[in-house]
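# Structure assessment
Below are the chains, spelled out letter by letter.
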Amino acid sequence: IADDMVEYARGAGHVISLVYGLAQAACLVAIYTGDLATADRYVRLIHELTVKHGLEAWSAWGRVLEAIVLIKRGRSVDAAARLAPELRRRQA
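It should be emphasised that the depicted structure is a prediction, and the values quoted were computed from it without experimental measurement. (Residues numbered from 1 in each chain as written. Predicted model: local features only at pLDDT ≥ 70, side-chain atom pairs only at ≥ 80, totals over all residues. Heavy atoms only, no water.)

## Notes on the pattern of salt bridges
The tally for this structure, following the rule as stated, stands at five salt bridges. With a closest N to O distance of 2.9 Å, Glu 66 and Arg 82 form a salt bridge. One end of the pair, Glu 66, is in helix 4 (residues 56-72); the other, Arg 82, is in helix 5 (residues 76-91), with 16 residues separating them in the sequence. On the basis of relative accessible area, Glu 66 is assigned to the partly exposed category, the value being 24%. (Salt bridge = Lys/Arg side-chain N within 4 Å of Asp/Glu carboxyl O. Helix = DSSP H or I, 4+ residues; strand = E, 2+ residues; numbered from the N terminus. Buried < 20%, exposed > 50% of the residue type's maximum accessible area, 1.4 Å probe, protein only.)

Given below as C-alpha cells:
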C-alpha cells in the first residue's frame with residue numbers, strides 16, 4: 001500500500017504530497033518491516049526532492065530517517081554524526 005501511495009503521488013506530480021507520503025508513511029513502513037534497501041531508496045528520493053524544490057523542513061525529516069536506517073544497520077556512530085547538526089539547528 002505504501003509503495004502504491006508513492007507511485008500515485010509521483011504520477012500526480014505533487015511534490016509535497018510525495019515527500020509527505022515518503023517521510024510519514026512509506027519510509028517508516030520500510031524501516032519497521034526491516035526492508036532497509038527500500039528505506040534507503042526512499043531516503044534518497046526525499047533528499048533529491050527536498051534539495052531540488054528547496055524544502056528544508058522536509059529535508060530535515062529525510063536526514064532523521066537516514067539516521068534511523070543507519071541505527072538499524074548497527075551504525076550508531078554514523079547516525080549520531082548525521083543527527084548532531086540537526087539537533088544544533090533545532091536548539092538555535
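Following the structure, the description resumes.
## Focus on the nonpolar core
One finds Leu 22, Cys 27 and Leu 65 to be the most contacted residues of the largest nonpolar core, which totals 23 residues. For this core, the secondary-structure elements that each account for two or more residues are helix 1 (2-12), helix 2 (15-32), helix 3 (36-53) and helix 4. Discounting residues that sit within four places of it in the chain, Leu 22 has contacts with Met 5, Val 6, Cys 27, Leu 28, Tyr 42, Leu 45, Ile 46 and Leu 49. (Core = buried A, V, L, I, M, F, W, Y, C linked by side-chain atoms within 4.5 Å. Contact = heavy atoms within 4.5 Å.)

## Here's the deal with the environment of Val 77
In this structure, Val 77 sits in helix 5. Along the chain, Val 77 and Ala 67 lie 10 residues apart, while their C-alpha atoms are 9.6 Å from each other.

## Considering the packing of helix 3 against helix 4
Between helix 3 and helix 4, whose axes approach to 9 Å, the crossing angle comes to 160°. Considering the angle they form, helix 3 stands roughly antiparallel to helix 4. Between helix 3 and helix 4 the crossing geometry is left-handed. Of the residues in helix 4, those touching helix 3 at Leu 36, Ala 39, Asp 40, Val 43, Ile 46 and Thr 50 are Trp 58, Ser 59, Gly 62, Leu 65, Glu 66, Val 69 and Lys 72. Across the contact of helix 3 with helix 4, the residue classes tally to seven nonpolar, three polar and three charged. (Axes fitted to C-alpha atoms, helices over the stretch in contact; angles between N-to-C directions. Parallel < 35°, antiparallel > 145°, perpendicular 65-115°, else oblique. Left-handed = near helix turned anticlockwise from the far one by under 90°. Nonpolar A, V, L, I, M, F, W, Y, C, P; charged D, E, K, R; others polar.)

## Digging into the packing of aromatic side chains
By the definition in use, this model includes two aromatic pairs. Pairing Tyr 20 with Trp 58 gives two aromatic rings, centres 5.6 Å apart and planes at 80°, and the pair type is edge-to-face. One end of the pair, Tyr 20, is in helix 2; the other, Trp 58, is in helix 4, and 38 residues separate them in sequence. The ring centre of Tyr 42 lies 5.1 Å from the NZ or CZ of Arg 41, which sits over that ring. (Phe/Tyr/Trp six-rings, centres within 6.5 Å; stacked < 30°, edge-to-face > 60°. Lys NZ or Arg CZ within 6 Å of the ring centre and 35° of its normal.)

Remember that the coordinates give geometry; whether it matters functionally is a separate question.
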